[in-house]
Structure formats: C-alpha cells, structure tokens
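Fold and geometry: a report
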Protein chains: 2
Amino acid sequence: MAFGFEVTHTEGQARRGVLHTAHGAVETPVFMPVGTRGAVKAITHRDLEDAGAHIILGNTYHLHLRPGDDLIARAGGLHRFIGWTRPILTDSGGYQVFSLAQMRKVTEDGVQFRSHLDGALCALTPEKATDIQAQLGSDIAMALDECVASGERVAGREARPAMERSVRWALRCRTRFLQLQHERVDGVTVTNCAQAQFGIVQGGTDTALRTESVQRTADIGFEAYAIGGLSVGEPVDVMYDVVAHTAPQLPADRPRYLMGTGMPDDLVECVARGVDMFDCVLPTRNARNGQLLTAHGVLVIKNARYAEDPLPPDADCGCYTCRHFSRAYLRHLFIAGEMTAATLLTVHNLYFYLDLMRRIREALSFGSFGKLRLEFHRTFSRR
Amino acid sequence: MAFGFEVTHTEGQARRGVLHTAHGAVETPVFMPVGTRGAVKAITHRDLEDAGAHIILGNTYHLHLRPGDDLIARAGGLHRFIGWTRPILTDSGGYQVFSLAQMRKVTEDGVQFRSHLDGALCALTPEKATDIQAQLGSDIAMALDECVASGERVAGREARPAMERSVRWALRCRTRFLQLQHERVDGVTVTNCAQAQFGIVQGGTDTALRTESVQRTADIGFEAYAIGGLSVGEPVDVMYDVVAHTAPQLPADRPRYLMGTGMPDDLVECVARGVDMFDCVLPTRNARNGQLLTAHGVLVIKNARYAEDPLPPDADCGCYTCRHFSRAYLRHLFIAGEMTAATLLTVHNLYFYLDLMRRIREALSFGSFGKLRLEFHRTFSRR
C-alpha cells in the first residue's frame, strides 16, 4: 500500500517505470490530466478512463475554496467525494494563489490573499497547504513553493530569494507532513494514510541555482521531487536546457515530475531528458477553445476549410471521437456552441496525450525511444 | 427496410409494439431524446446509447439554418453527418419558426421569417419542409402544420382556421413527399429512400375539431400520425382529455406520436390513453438547469440540503450517474459551473425517462401496466 517507484527500463536519460500508490499502480512516463475542481473539464470519469487516464491532478486552491477540504474530509477524502478510484495528485495551491487570487501578500510565514470567488481573506502557509492536502487525501501531495511572476523569474532577479524561501517552506511542509503521520493535529483529518509528498525544485533558468535547489530540497527527504517554475513564459529551448540540467541530478530511484508542461513535443523532449511525470491544462483547455492536437500539430476546428471535411480529426488516432466523427460535424458542433464539442475534442486531445505516453513507454521497453522521438518530430509541427 | 409497425400487446388503450425503420427497430412506447442541432445537448452518442436511447429527434429549423441541409445531404444525410446509426425523427421546422424566429408572416403558401441566428429572410412552405427533411434523410419526417400561440390555441379562437390550414398543408406535404419518391426534383437530394412521413392532428382543445382533423388528416394517408398542439400551456387534465379523445381515433395499426410531452407522469398517463411515441426537451433542459427527475419527483441539486448528502440522486436508479456519484458531488459540480454537471444530470434524466419506458413496455407484456401506473403515482409527485 505504501508509495513506491521502480525504474524498469532506461534509454539514455529516458526511463520507463512503475509508480505504486494506495490507489493502484501508474506506469511512467505518465501524463496527468488536470481535474481542477474535482472533475477534468468537459469529460466524465468513464470517458477519462476510456481515454487511458491512470492518475489525475486536483487543484488544492480551488477545492479548498469550494466545496472546502473540511467538507471533502467529512465525505472520506477526495477519491470518495468525486468517485475516482485511481490515484490523484494534488498541487499545493501556491501556483493558483499567485496566478488567480487578488491582493496577495507574501511574507516568510506564507501568502495572504483574497478568494477569486468572493473576495474572502484567506491565508496559505506551508503547514496549511499540507493540512489541506492531508484532508483531501490525495496519493501525492506537493510542498508549497514560492512562485514568482514569469517576467521576474526569467530575468533571474527574484530567482534566488524565491528558491531559498521555497527550500525553507519545503522543510516546514515536510515537518508538518511527518507530524500529521504521527500525531493528531486539531482540526485536520488525514484521509489517506499512504499519502506521499513531493518537494519542488526552483531556481528559474539559473543552472547553479537549480543545482543548489536540488541538493537542499533532496536533503529534506521527500518521497520524490518535482521541477517547478518552468513553462512560465521562457523560450522552449531554455526550458529544455534547465530540464536537461536538473532532472538527472534528482534522485534516480524516485519519479521526477515536471510541473505544468506542455505541448506534445515538450513531453517527448522532456522524457528524453529524464522526466517521468507531467501535467498540463493544455489538452483540455485547447479542446474547449476548438484546438485539436494531432500527430501533425494543431488543428483549429472552426476553420472554414473543415466545413465539409469528412475525415476524422486524426486518421491514425484510435479515440472515440476519431473513430466516429468527422471534422465537419465537430466544426458544426463547435460553431453552434454545443457543449458536446468540448467533450469530443477533450476526449481526443487527452487520448492523444495518453496514447503518446503509452507509445513512449512501449518504445522504452524495446529500446526504440530514440526512433520514436525522431519519427514524432518528422510529422509534428507547432507551425 | 421499409417502414412498418406492429402492435404486440395491449392493455386497455395502452399498446406495446415495434416500429421498423431502415436504421433498425424501435420498441414502443418510446421516448425520443431531442438532438436539436444534431446532438442531444451535453451528452455523447455513446452515453445516449448507454442510457437506452433507440431513436432521437433532430430539429429541421435548426439544421436547415446551420450547417444547412444542403451540406448535410452532400455528407450523405443526417445519420452519416452526425455519426448516429439508429433511427432519427425530424420535425417539420414549423414549431421553431413559430417559437424562435423573428418577424414571421403566415400566408396560405407558408411562413416567412427571419433567422434567429443572423436575421436572414427565410421561407418555409409545406414543400420546402418536405424537401429539407428529404435531404436530412431522417427515418420519420413530419408534415408542416400551423402552430398557433398557446393563449389563442387554448381559447379555441384560432383553432379551426389553423386546423384547416394544417390539413391543406398536410396534403401539400404528402404530395411533395410522394413526388420526391418517384421523380427527381431539382436541388433536392433524397438521402433516405425508406423515409416515412407522419401527418399531424390539430384542433386545440376542441374535441369536435380534433375528430375532424383526425379524419381529414388520415384521409390523406400518411405512414402514421401525431397529435400536435398540446403541452403548449393548457391545464394538464385538459391535455389528458384531448389525448384520450384523439388517440383512439387514430388508425390502430399505426404508431401514435404525442409531440412535445412531457413530465414523467404525462408519459404514463398518455401511454394509458393510447400514445406510442413521445419527445420532449424537458429531461435534457431540466438537467442543464440542475433539476433531476426521480421516482419521487424533481430534485433541485443546488439546494443547500444536498451539500453533504452522500446518496445518489435516486437510490433505485441504475444509471451511470446514480451508480457512481453523490448528490454532494453533483451539487459541487453544478455550483462550480462545471460542464460535467450538465452531462451527469442529463445522463440521469434520460436514463430515468428511457428506463420508465422500458418498464412500461415490460409491464404491457405481462398485463401489469395498470399496476405500474398505480405504483408510479404512489411515489411520484410534481410538488
């Protein structure tokens, strides 16, 4: 039942492995669809499972504000509340506080902010972020880190103090996490006693800072580690370089999670650089905006050229949408504003992401990931 | 392949039967979910089939305006365009012209109106309504009738001229329908050579007018007949009385279709009065408004009393939603504005309707419909 990870195959820096949680095993490299408020937008759990999702992500910030982690804990935890029986990872809430909440004020203690829902004054500290996730009972909880605005981060100006504060917060998160495992803390219900906690490496685009962050975060001793603070506006080559620098320094016997990335080619490239876990809103958000991700790149369904196109979005795709519906029909639904357009495009985009990860894992088993990577880039274009 | 109908069981006026179409058989009494623009709102075809839908309805007015019946005909007809392989019934477009379009002008020739989408000037005549449906290639097409505003209709003031005009239009529809079967009409592509056409009985709440309408419409000789002009604001008892008066006068060897009805208890009561086919937006529209229809009546999911309710919407229901999700979770999704709430509530409501019809058919096989009817009313309340 306890958290575990084993690497079963490697090819260069790329790894295939298995992650064990109280809610089942997850094969890596893995992509985690984002279920912000306890549901991956526009798709039912059964369509999500049918598309091949084995682990989803929940957003602590959103669930804390509504319906509240107290309510979810009384329901027995997030799995039971939302009826999802497979593993769940929750973020710390920090990223949303920094991107969504109003009037935030950051001190050494934590972040004060106003809810984007009703303006209510709230606070998130390392301890509070840990408590909320204990109540949610996710299989993997994340430490609270300090997120710096993209422009500042890329410039490297705020990178050191944010990295250092993230290390201090990580230690407080870990201390609270261990405390919750061993003693009762008033007002906190631990709903998943097999929860693991990941630390987050920061340091912006400065490789020396990244190295320091890896060492100081790993010294604290989490079950595993994530690379945070990327895909926040920096050029994609810079992101790849930071990942190539950082991932191999992380403990080899633990999964490595690159947060918030990305486009399909990013997944391929970051697997090649040693990443095991990914999450991103891109496939689901783009679906709702009418963008299909295919082996050839992005297909904008509302384009007039698809008005009478009888082909499926992607002729090589095995998803429900591609097996049953034409671009012409999907365009009609999208233009008419039918919700079903969002559902069918989400089904395709997630299947495309999850199938890509399946093919990557298979290639890693046969030592043919390098070939898959070449072939992927031969057809895929960002335009 | 041709259209056919057989009654297999009767109990009082209630009938069980089978409807044959080029796209398969449909057991009656049947409820047809409304797929206005080529999709039943908020639900995929596979969820719809899983809920037990065997025939759906498409709206001629909406499909004619967008994406256009010409485009659909070029795609091979509505079935192929939308990827639905089971039977489809299309309405004539008249009801939507009378309820949605602006600046409509009714003459003996037909209706002139402006599109609710872009204000374009359009015309619908009996011939045009027949042509559009021939291009859509539905299994069952409806004759164009004159719809009178609810207040006028109930008062009986406009009932006779509207009924008489509907009879004249029905004859023109039938003439055009037969012409399309035997000769090529410029600009019209018949995409389903096994299409049937139903006439519509009008006459408001005046039983003498209804009797006259039945006789004059049946004299034209359609494959089957519908009762139109009910569920438009009249008291429910009046509706039941008009159905009880009208349905048994319709040819016994043809299915009888009550248009646009209704609440679950309406279905039970109108089956008892001899109706075989129903359609209504109620289960799908109410789902999107947060109303669940259950054996006990309407459950308004946003009510605070459900905030921590671990029970499914309806403990006796076997739908995907009731088997997996609590009222508390559905309430959370609805209040958060997640599209999935609309999907999950639609899945339940349609399953509830379709399962009710299944149970009615089963009861009719065993001569226990009278008992089912009593038991249904013992628990179901409109409040």
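As a reminder, the structure under discussion sits directly above these lines.
Residues numbered from 1 in each chain as written. Chains lettered and ligands numbered in written order. Predicted model: local features only at pLDDT ≥ 70, side-chain atom pairs only at ≥ 80, totals over all residues. Heavy atoms only, no water.

**Here we look at the sheet that holds strand β3 (residues 24-28) of chain B**
Residue and element names in this part refer to chain B. So the rule is basically this: Being paired, for any two strands, means DSSP has found at least two bridges between them. Strands here mean DSSP runs of E at least two residues long; helices mean DSSP runs of H or I at least four residues long; both are numbered from the N terminus. Axis definition: a line fitted to C-alpha atoms, limited for helices to the stretch in contact. Angles are taken between N-to-C directions and run from 0 to 180 degrees.
The strand order across the open sheet formed by 3 strands is β1-β2-β3, and the pairing between neighbours is antiparallel. The open sheet is flanked by β1 (4-11) and β3, the only strands paired with a single partner. With direction set aside, neighbouring strand axes in the sheet form an average angle of 15°.

**Here's the deal with the relation of the copies chain B and chain A**
Applicable threshold: Least-squares fitting of one copy onto the other uses the C-alpha atoms of those residues that reach a pLDDT of at least 70 in both copies.
Screw-axis analysis of chain B against chain A gives a translation of 0.0 Å along the axis, an RMSD of 0.0 Å, and a rotation angle of 180°. The superposition operator between the copies reduces to a two-fold rotation axis. Every residue of chain B has its C-alpha some distance from the rotation axis, and the shortest such distance is that of Met339(B), at 3.7 Å.

**Some remarks on the packing of helix α14 (residues 327-336) of chain A against helix α15 (residues 339-366) of chain A**
All names here are of chain A. Using the following cut-off: Roughly parallel means an angle under 35 degrees; roughly antiparallel means over 145; roughly perpendicular covers 65 to 115; every other angle is labelled oblique. The hand of a helix crossing depends on one turn: near helix anticlockwise from the far one by less than a right angle means left-handed, and clockwise means right-handed. The contact definition used throughout considers only heavy atoms, calling two residues in contact when any of these lie within 4.5 Å. Charged residues are taken to be Asp, Glu, Lys and Arg, nonpolar residues to be Ala, Val, Leu, Ile, Met, Phe, Trp, Tyr, Cys and Pro, and polar residues to be all remaining types, Gly included.
Look at α14 against α15: their axes get within 7 Å of each other, and the N-to-C directions meet at 135°. Here α15 runs oblique to α14, going by the angle between their axes. Crossing angle aside, the handedness with which α14 passes α15 is left-handed. Contacts from Leu330, Leu333 and Phe334 of α14 reach α15 at Thr340, Ala341, Leu344 and Leu345. A breakdown of the residues in the contact of α14 with α15 according to their chemical character gives 6 nonpolar, 1 polar and no charged.

**Remarks on unusual backbone geometry**
Each neighbour pair has its own omega, and for Arg66(A) with Pro67(A) the value is 10°, a cis peptide bond. Among the secondary structure elements, Pro67(A) is positioned in the loop between α2 (60-65) and α3 (69-74). Of note, the amide linkage connecting Thr28(B) to Pro29(B) takes the cis form, showing an omega dihedral of 0°. Backbone geometry at Ala42(A) places phi at a positive 75°, although glycine is not the residue there. If you trace the backbone, Ala42(A) turns up in the loop between β4 (30-32) and α1 (45-50).

**Focus: the pattern of salt bridges**
How we decide: Salt bridges are counted wherever a side-chain nitrogen of Lys or Arg sits within 4 Å of a carboxyl oxygen of Asp or Glu. For the exposure calls, accessible area comes from a 1.4 Å probe over protein chains only, and a residue counts as buried if that area is under 20% of its type's maximum, exposed if over 50%, partly exposed in between.
Evaluated as defined, the whole model comprises 52 salt bridges over all chains. The partner of Asp253(B) in a salt bridge is Arg254(B), with the nearest N and O atoms 3.6 Å apart. For the salt bridge of Arg273(B) with Glu269(B), the shortest nitrogen-to-oxygen distance reads 2.8 Å. Each member of the pair, Arg273(B) as well as Glu269(B), carries the same accessibility label: buried. Each member of the salt-bridge network shares a partner with another, and the members are Glu108(A), Glu146(A), Arg165(A) and Arg168(A).

**Regarding the packing of aromatic side chains**
As a reminder, the rule being used: Working definition: a ring pair exists when centres of Phe, Tyr or Trp rings (six-membered ring for Trp) sit within 6.5 Å. Plane angles under 30 degrees give stacked, over 60 give edge-to-face, the rest tilted.
Across all of its chains, the model carries 16 aromatic pairs over all chains by this definition. Ring centres 5.8 Å apart and planes at 75° place the aromatic pair Phe3(A) and Phe198(A) in the edge-to-face group. Note that Phe3(A) is positioned in the segment before β1 (4-11) and Phe198(A) in strand β11 (residues 196-201), a separation of 195 residues in sequence. There is no split in this pair, since Phe3(A) and Phe198(A) are both buried. Note on Phe325(B) and Tyr329(B): the rings are 5.5 Å apart at their centroids and 35° apart in plane angle, and the pair reads as tilted.

**A few points about the interface of chain B and chain A**
Note the following rule: Note on terms: buried area is the combined drop in 1.4 Å-probe accessible area of two parts once they are placed together, counting the loss on both. Residues adjacent in sequence count toward polar contacts only when both atoms are side-chain atoms; beyond that, a polar contact is any pair of N or O atoms within 3.5 Å, and within protein one must be able to donate a hydrogen and the other to accept it.
Each side of the interface is counted separately: chain B has 40 residues, and chain A has 40 residues. Taking both partners together, chain B and chain A bury about 3,400 Å²; carbon and sulfur atoms supply 53% of that area. The three residues of chain B that bury the most area against chain A are Arg46(B), His332(B) and Met339(B), which together make up 20% of that side's buried surface. In this structure, Glu338(A) and Lys41(B) form a salt bridge, with 2.9 Å as the shortest nitrogen-oxygen distance. Our count for the contact surface shared by chain B and chain A stands at 18 residue pairs in polar contact (both at pLDDT 80 or more).

**Things to note about the sheet that holds strand β8 (residues 111-114) of chain A**
Residue and element names in this part refer to chain A. Spatial ordering of the open sheet is given by β7-β8-β9, a layout of 3 strands whose pairing is antiparallel. Edge positions in the sheet fall to β7 (102-106) and β9 (121-124), since each of these pairs with one other strand and no more. Within the sheet, the average angular offset between the axes of one strand and its neighbour, ignoring direction, is 20°. One ladder, built from 3 bridges, connects β7 with β8; its direction is antiparallel. Across the sheet, Lys105 pairs through a bridge with Gln112, a residue of β8.

**Quick look at the pairing of strand β12 (residues 224-227) of chain B**
Looking down a regular strand, the side chains alternate between one sheet face and the other. All names here are of chain B. Quick note on the threshold: Looking down the strands as they point away from you, a crossover is right-handed if its path from the first strand over the helix to the second goes clockwise.
Of the two faces of β12, the one carrying Ala224 and Ala226 and the one carrying Tyr225 and Ile227 are both buried. Relative to β12, strand β11 (residues 196-201) runs parallel, the two sharing 4 bridges. Residue pairing across strands places Gly199 opposite Tyr225, the latter belonging to β12. Taking the sense of rotation as the criterion, the β-α-β connection linking β11, helix α9 (residues 207-220) and β12 turns out right-handed. Judged from the 3 bridges that link them, β12 and strand β13 (residues 256-258) form a sheet pairing that is parallel. Of the residues in β13, the one forming a bridge with Ile227 is Leu258. Crossover connection from β12 via helix α10 (residues 236-246) to parallel β13: handedness right-handed.

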